[in-house]
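Chain by chain, the residues:
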Amino acid sequence: MTARVVGVLPDVPAIDKVFDYLVPASMDADVRVGTLVRVSLNGRRVGGWVVRDEGADARTGRVLQPLAKVTGWGPPAEVVDLASWAAWRWAGRRASLLGTASPSNAVRGLPRPPSATPSGDHKGPSNAPQPPAGTSEREGRELAAGALARPTTTLLRLPPSTDPLGVVLAACALGPALVLFPSIADAAATATRLRSAGIAVAIHPREWAAARAGGVSVVGARAAAWSPIPELAVVVVIDGHDEAYQEERAPTWHARDVAIERAQRAGVPCLIVSPCPDLVMTTSTPTVTASRSAERAGWPVLDVIDRRADDPRTGLFSDRLADALRRHERVVCVLNRKGRARLLACATCGELARCERCDAAVAHVDDALVCLRCAVSRPPVCAACGAARLNALKLGVARVRDELEALVGRAVGEVTVETESIPDAPILVGTEAVLHRVRSAEAVAFLDFDQELLASRYRAAEEALALLARAGRLVGGRRSGGRVIVQTRVPDHDVLHAALHGDPTRLATVEAERRAALRFPPSSAIAVVSGPAAPELIGRLQGVELLGPDGGSWLVRADGHGRLADAFAEAGRPPGRLRIEVDPLRV
């Protein structure tokens, strides 16, 4: 009898090669593409994945080793193929991506799937709660149902106060759905609501086996993009603009892009939902929006405190802010202190020092003001009044907490990423992490929003608008009575205009022109290459633009993602430590 042969990709960081192994008769029924196995390689046992099934070995003269062990169930064949595409797209190793797609613990058997919906009847459970007419949830559900009518990718722009449950219910009515959220906490909360509606749901990653068995919709965070879902019917990405969807480790894959590719391969609808979609999605995807009045009403009331006339030395707290902190029962104050620009302000007129070309913050370097984004330099004088003295504005969350407590005479709690529990205080202050830890507030105050508006990152404006949208989730829409308060010295910034009018298009139009002038995405595809082996790889790259080195890193730019990915694939990966960060967030 001719033995069956399979190709195995070892789970070894330094190896990205497939090796052939024999399948023992005792394992034959348990081995398929995606199965996790253990094999002998160079005298030691290693884990790996079956990535191809060659069937009976018809070639003579080959001496192959048998599989040593079947570890358990792994990703299905279509996810294995998806990982190969993603390894090309983000210039990484397949093993890293297959590891994300695999269960955290060995799965040797699958549970029985729930009773299937009768063929041809995908109306959803009869006891699913129907939101009352006129609510934001109902509006979201109706818009989503229309957008999901065709098997294409659609961008659904919903205002921040819209409850995404209506969108998810519309998706689950079509059959097994993959629903992604920026955080596992949001995914788990939605799963609870879906189960109360009678919908079978598996939460990724802890219920990986239930997802693999089929017959359920899957909800989860970034890694859930790789969930095993037989008979996938629809894909939904909630808050598709959120940076949490991008993997920080190389390969820097993006869950939204993986979800879109997966839906296209399966021929099913894909819905990207966002109150403020990034420019890449806005320019490449058909968009469905609520009516102008409904979208505007779904954004919060924005109070802009113009601090241009204030002396930079007077501190963070304007009189209007202090009044608001005393007036509202529950206030969240946001002050980012990590990874942000150090602003310079004119000591005479208070004007912030900004780049005349791209409007980003500038730094004082060698008797010149140098833009941290586009490197344009100019003399160290104020562009507004010509004064030569500039003061640096330095900030800190802990110090702000103490000063706020003394100023308003109320208890103030501090919240950062490291905070284990939310303090029981009427006023909370922290980094942007506080916006994800607190569920509701009467007011959200950004103490120094210029740190966001003028940051040197090319996506700074999009990120700033996303913060305002997140704050809108806490305070509700215009009819809720809540407020988002912004202290700034650039009150005419496009981000603030977009939030004031509840119209992200106002920012997208300006950003598109700026990005095109600077050749940043979506006008190009970029990657950052660093590490000891980077110089050798840079020397091999062909057909792309190379900028650098800058601090040991190179910026690689191409006309599109296909050209960029092909350039890395054609160059090959040299030996040694190397980091390739495709679509970097922090440039």
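Basis of the calculations
- Residues numbered from 1 in each chain as written.
- Predicted model: local features only at pLDDT ≥ 70, side-chain atom pairs only at ≥ 80, totals over all residues.
- Heavy atoms only, no water.
- Helix = DSSP H or I, 4+ residues; strand = E, 2+ residues; numbered from the N terminus.
- Rg over C-alpha atoms; globule rule 2.2 N^0.38 Å.
- Contact = heavy atoms within 4.5 Å.
- Areas by Shrake-Rupley, 256 points an atom, 1.4 Å probe, with all protein chains shown as cover.
- Lys, Arg positive; Asp, Glu negative; His and termini not counted.
- Charge placed at Lys NZ, Arg CZ, Asp CG, Glu CD.
- Patch = residues over 30% accessible without salt bridge, like charges linked within 9 Å, V, L, I, M, F, W, Y side chains within 5 Å.
- Salt bridge = Lys/Arg side-chain N within 4 Å of Asp/Glu carboxyl O.
- Buried < 20%, exposed > 50% of the residue type's maximum accessible area, 1.4 Å probe, protein only.
- Expected span 1.5 Å × (residues − 1).
- Core = buried A, V, L, I, M, F, W, Y, C linked by side-chain atoms within 4.5 Å.
- Pairing = 2+ DSSP bridges.
- Axes fitted to C-alpha atoms, helices over the stretch in contact; angles between N-to-C directions.
- pLDDT = per-residue confidence, 0-100.
- Polar contact = N/O pair within 3.5 Å; in protein donor to acceptor, adjacent residues only side chain to side chain.

With that settled, the discussion passes to the overall build of the chain. Looking only at helices and strands, one finds 18 helices and 27 strands in the chain. Here the C-alpha radius of gyration of the chain, 26 Å, is about what a compact globule of 587 residues would show, namely 25 Å. Counting only C-alpha atoms and orienting by the principal axes, one finds that the chain spans roughly 90 × 60 × 40 Å. In the chain, 71% of the contacts between residues at least 6 apart in sequence involve partners at least 24 apart. A total accessible area of about 25,200 Å² is found for the chain, and carbon and sulfur atoms account for 50% of it. When the 72 basic and 66 acidic side-chain charges of the chain are each reduced to a single mean position, those positions are 3 Å apart.

Looking now at a positive patch on the surface. The grouping of Arg 38, Arg 45, Lys 69 and Arg 108 at the surface amounts to a positive patch. For Arg 38, the position within the fold is in strand β3 (residues 36-41). For Arg 38, a relative accessible area of 30% translates into the label partly exposed.

Before going further, it helps to examine helix α11 (residues 397-408). With 12 residues, α11 extends 16 Å between its outermost C-alpha atoms, agreeing within 8% with the 16 Å of an ideal straight helix rising 1.5 Å per residue. Against α10 (319-327), β14 (331-334), β20 (412-415) and β21 (427-430) lie the buried residues of α11. Gly 409, located one to two residues past α11, shows a positive phi value of around 70 degrees.

Let us now look at the nonpolar core. Nonpolar side chains tend toward joint burial in soluble globular proteins. With 62 residues, the main nonpolar core has Leu 180, Trp 226, Leu 541 and Phe 568 as its most contacted residues. Counting residues per element, this core draws most heavily on helix α1 (residues 77-89), which supplies 7 residues. Filtering out sequence-adjacent residues up to four positions away, Leu 180 remains in contact with Gly 220, Ala 221, Ala 224, Ala 225, Val 236, Val 237, Ile 238, Tyr 245, Ala 255 and Ala 259. Grouped together as the second largest cluster of nonpolar side chains are 40 residues, Leu 302, Leu 454, Ala 464 and Val 490 included.

The next thing to look at is the sheet that holds strand β11 (residues 270-274). With parallel pairing, the 7 strands of this open sheet are ordered in space as β8-β9-β7-β10-β11-β6-β12. Both edges of this open sheet fall to β8 (201-203) and β12 (287-289), since each of them pairs with a single strand only. For this sheet the average axis-to-axis angle between neighbouring strands, irrespective of direction, equals 20 degrees. Here 4 bridges tie strand β10 (residues 234-238) to β11, and the two strands are oriented parallel to one another. Residue pairing in the sheet places Val 237 in a bridge with Ile 272 of β11. Packing against the sheet, helix α5 (residues 184-196) makes contact with β8 and β9 (217-220), and its axis sits at approximately 160 degrees to β8. The strands that helix α7 (residues 255-266) touches are β6 (153-157), β7 (177-180), β10 and β11; relative to β11, the one it contacts most, it runs at about 155 degrees.

Model confidence for the chain is summarised by a mean pLDDT of 90, while 93% of its residues fall at 70 or above. The model gives residues 117-135 a pLDDT under 50, and that stretch makes 23 contacts with residues more than four places away or in other chains.

Along the chain, Arg 354 turns up in the loop between β15 (344-346) and β16 (362-365). The sequence separation of Arg 354 and Leu 369 amounts to 15 residues, and the corresponding C-alpha distance is 8.8 Å. Contacts of Arg 354, omitting those with residues within four sequence positions, involve Asp 359, Ala 360, Val 362, Arg 378, Leu 454 and Val 490.

The next subject is the side chain of Ser 227. Considering the arrangement of structural elements, one finds Ser 227 in the loop between β9 and β10. Polar side-chain contacts of Ser 227 include one of 3.2 Å to the side chain of His 204. At 2.8 Å, the side chain of Ser 227 and the backbone oxygen of Ala 224 are in polar contact. In this structure, Ser 227 is in contact with Val 79, Leu 178, His 204, Val 218 and Arg 262, ignoring residues within four places of it in sequence.

A few words on the pattern of salt bridges. In a structure, side chains of opposite charge can pair up when their charged atoms sit close to one another. Within the structure shown, the criterion is met by 43 salt bridges. A salt bridge links Arg 483 to Asp 303; its shortest N-O distance comes to 3.4 Å. Of the two residues, Arg 483 is situated in strand β23 (residues 483-488) and Asp 303 in strand β13 (residues 301-306); the sequence distance between them amounts to 180 residues. As a salt-bridge pair, Glu 545 and Arg 557 come within 3.2 Å of each other at their nearest N and O atoms. In this pair, Glu 545 is assigned in strand β25 (residues 545-550) and Arg 557 in strand β26 (residues 553-558), connecting sequence segments 12 residues apart.

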